[in-house]
Amino acid sequence: MQDIIQAIQDKVAEVSALKYVDEDWGQLDDYSPAPPAQFPCALIDIASLVFENIGRDNSATPINRQMAEGSITITIANLKLSNTSKIAPQGQKDNAWSVFGILEDVHKKVHGWKPTANTGALIRKSHKRVRRDDGIQEYQIVYEISSTNI
């Protein structure tokens, strides 16, 4: 699983607007004035996997082969410091809405892309906003993934 997270991390890091790309270990859960992440950021997590036995291969380790299907969550977050009201200057609005461009850029990088030789392509399943009370814009994009011979 580490190789999958690292491959996704490398791919997402190609989005130049991101200042921090890491495995999600709870960086945004600390409601302090200084979360342990730079903004904008992308956090990657293998949210869930379901395994199914597909047989045995005596030449492999482990010999019992399995297929996994599950979800990868990529969280995109930015500290919103600008106003997007109708009367706000366009520059402020563009800055405040920059997170949407980052979401699209990350999606373009990973949707349909295979992180490793044993995995299928990442396919977007859902997108949701996480409401917060600390000025951080947080969005979670969930991708389906499958892997064989693990």
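Residues numbered from 1 in each chain as written. Predicted model: local features only at pLDDT ≥ 70, side-chain atom pairs only at ≥ 80, totals over all residues. Heavy atoms only, no water.

This part takes up the pairing of strand 4 (residues 123-130). Relative to strand 5 (residues 136-148), strand 4 is paired through 7 bridges, and the arrangement is antiparallel. If you follow R129 over to strand 5, its bridge partner there is Y139. The turn joining strand 4 and strand 5, which pair antiparallel and follow one another in sequence, is formed by 5 residues; a positive phi near 85° is taken by G135. (Pairing = 2+ DSSP bridges. Helix = DSSP H or I, 4+ residues; strand = E, 2+ residues; numbered from the N terminus.)

Spatial strand order, 1-2-3-5-4: 5 strands in an open sheet with mixed pairing. Of all the strands in the sheet, the pair left with one neighbour each is strand 1 (20-23) and strand 4. On average, each strand axis in the sheet is inclined to that of its neighbour by 20°, with strand direction left out of account. In terms of strand pairing, strand 2 (residues 41-56) meets strand 3 (residues 64-79) through 14 bridges, oriented antiparallel. Looking across to strand 3, one finds that N53 is bridged to Q66. Relative to the sheet, helix 1 (residues 2-12) contacts strand 1, strand 2, strand 3 and strand 5, its axis offset from that of strand 2 by approximately 145°. (Axes fitted to C-alpha atoms, helices over the stretch in contact; angles between N-to-C directions. Contact = heavy atoms within 4.5 Å.)

For the rest of this paragraph, the subject is the pattern of salt bridges. For side chains bearing opposite charge, pairing can occur when the charged atoms are close. Counted by the stated rule, this structure contains 4 salt bridges. Between E138 and R132 there is a salt bridge, with its nearest N and O atoms 2.6 Å apart. Residue classification places R132 among the buried positions, given a relative accessible area of 18%. Through salt bridges with shared partners, a single ionic network connects K11, E14 and K109. (Salt bridge = Lys/Arg side-chain N within 4 Å of Asp/Glu carboxyl O. Buried < 20%, exposed > 50% of the residue type's maximum accessible area, 1.4 Å probe, protein only.)

On to the nonpolar core, then. Counting 23 residues, the largest nonpolar core has I8, V12, L18, I72, I74, I76 and V106 as the members making the most contacts within it. Within the residue set of this core, elements represented by two or more residues are helix 1, strand 2, strand 3, helix 3 (98-110) and strand 5. Top element by residues in this core is helix 3. It accounts for 5 residues. (Core = buried A, V, L, I, M, F, W, Y, C linked by side-chain atoms within 4.5 Å.)

So, about the environment of P36. Among the secondary structure elements, P36 is positioned in the loop between strand 1 and strand 2. Look at P36 and you get partly exposed, because its relative accessible area is 36%. Sequence-distant contacts of P36, that is, excluding residues within four places in its chain, are made with Y20, W25 and Q27.

When we look at burial in helix 1, the residues that qualify are I4, I5, A7, I8, K11 and V12. Along the long axis of helix 1, the arc covered by the buried residues comes to 165°, so they all point the same way. Counted as exposed and oriented over 90 degrees from the buried face of helix 1: Q2 and D10. (Arc of directions from axis to C-beta.)

In short, geometric facts, not functional conclusions.
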